[in-house]
Amino acid sequence: MDWDAFFAVHRDLPREGPGLAEDVAWAGQLIGISPQGFVCDAGCGPGGDLAALRQLVPHGRIDGFETVSHFVEAAREKFSGDPSVRIFEASMEQLSGPYDLIWSAGAVYFLGVSRALEAWRGALADKGAVAFSHPCLFTDAPSEAALAFWEAEPGSIETETATRAQIAAVGWQVLATRPLSDAAWTAYHDPLLARCDTLAAAGTSDSVATAVAAARKEASDWRAVAGETGYVLYVVRPG
Ligand SMILES: C[S@@+](CC[C@H](N)C(=O)[O-])C[C@H]1O[C@@H](n2cnc3c(N)ncnc32)[C@H](O)[C@@H]1O
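Residues numbered from 1 in each chain as written. Predicted model: local features only at pLDDT ≥ 70, side-chain atom pairs only at ≥ 80, totals over all residues. Heavy atoms only, no water.

(A) Representation of the pattern of salt bridges. With the rule as written, the count across this model stands at nine salt bridges. Between D63 and R86 there is a salt bridge, with the nearest N and O atoms lying 2.9 Å from each other. Highlighted residues: D63 in strand β2 (residues 61–66) and R86 in strand β3 (residues 85–89), separated in sequence by 23 residues. Residue classification places R86 among the partly exposed positions, given a relative accessible area of 36%. (Salt bridge = Lys/Arg side-chain N within 4 Å of Asp/Glu carboxyl O. Helix = DSSP H or I, 4+ residues; strand = E, 2+ residues; numbered from the N terminus. Buried < 20%, exposed > 50% of the residue type's maximum accessible area, 1.4 Å probe, protein only.)

(B) Inspection of the pairing of strand β7 (residues 229–238) at higher detail. Taking burial as the measure, the ten residues of β7 include eight buried ones, the bulk of the element. Both strand β5 (residues 124–137) and β7 contribute to a ladder of eight bridges, which runs antiparallel. Residue P135 lies in a different strand from β7, and its bridge partner there is Y231. Here strand β6 (residues 172–179) pairs with β7 via seven bridges, running antiparallel. In the sheet register, P179 faces β7, and the bridge partner there is V232. (Pairing = 2+ DSSP bridges.)

(C) Here's a closer look at the site of the ligand. Taken together, 18 residues are adjacent to the ligand, and E16, G43, E66, M92 and A105 come closest. Measuring from an oxygen atom of the ligand, one finds a side-chain N or O atom of R15 at 2.9 Å. One of the side-chain N or O atoms of E66 is found 2.5 Å from an oxygen atom in the ligand. Protein chains shield 90% of the accessible area of the ligand, which is 590 Å² for the free molecule. Classifying every residue of the shell around the ligand by side-chain character gives nine nonpolar, six polar and three charged. (Near = heavy atom within 4 Å. Polar contact = N/O pair within 3.5 Å; in protein donor to acceptor, adjacent residues only side chain to side chain. Areas by Shrake-Rupley, 256 points an atom, 1.4 Å probe, with all protein chains shown as cover. Nonpolar A, V, L, I, M, F, W, Y, C, P; charged D, E, K, R; others polar.)

What follows is the structure, given as structure tokens:
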């Protein structure tokens, strides 16, 4: 992977994976988070969920953790005048909290479900919960195209049943799940495709042109396999 070319495309985007404000609201309502709550956005990317998280805890605090510098800068800019929102350029694996909610959109698979939950157990407040969106196969007999869709991503891709088993194996309980909607994917892909068009129109190096082609392919491949795979949002709590 040419990361410079990848990040030439993945820059100045509102978010870096599928998701909607209503997903954040659903998780917050489900656990009954207090407006004074303390929330972590683990792997916050450019901060696409910060506004929705702030709505959950208008009198509380938010910590974001992200390792890619230009995502950190983008996230910080969004709440530069709000001292209750802090963005750390640091790994989400070392959290102290204690958080009422650890939100993680499309980032847990970088660590793996078991490792992330083990790392976060001690960072939750009493009755705290983790809400994370995670790649999922919607069928036990996926096509090669559905499996290939996730090939470039870390970790293995599994069904919800298999992910629930991993969650249970480390002693956590699932409070609820729901698949991310097509609109959640569009919220990621539409700005990505618009950026691809802008870069292509401006003229790019060969390596960036390759990254643009890969981003366009990712969006069109998703349309082809959306019935077989996508993301599921899990809300979980230590058992
Ligand atoms: C698919 S993106 C999703 C970003 C954001 N949550 C969103 O929905 O727009 C996953 C993010 O996790 C970040 N990430 C991966 N491993 C991380 C780690 N150990 N600590 C913090 N962030 C990490 C990546 O840099 C990337 O920004």
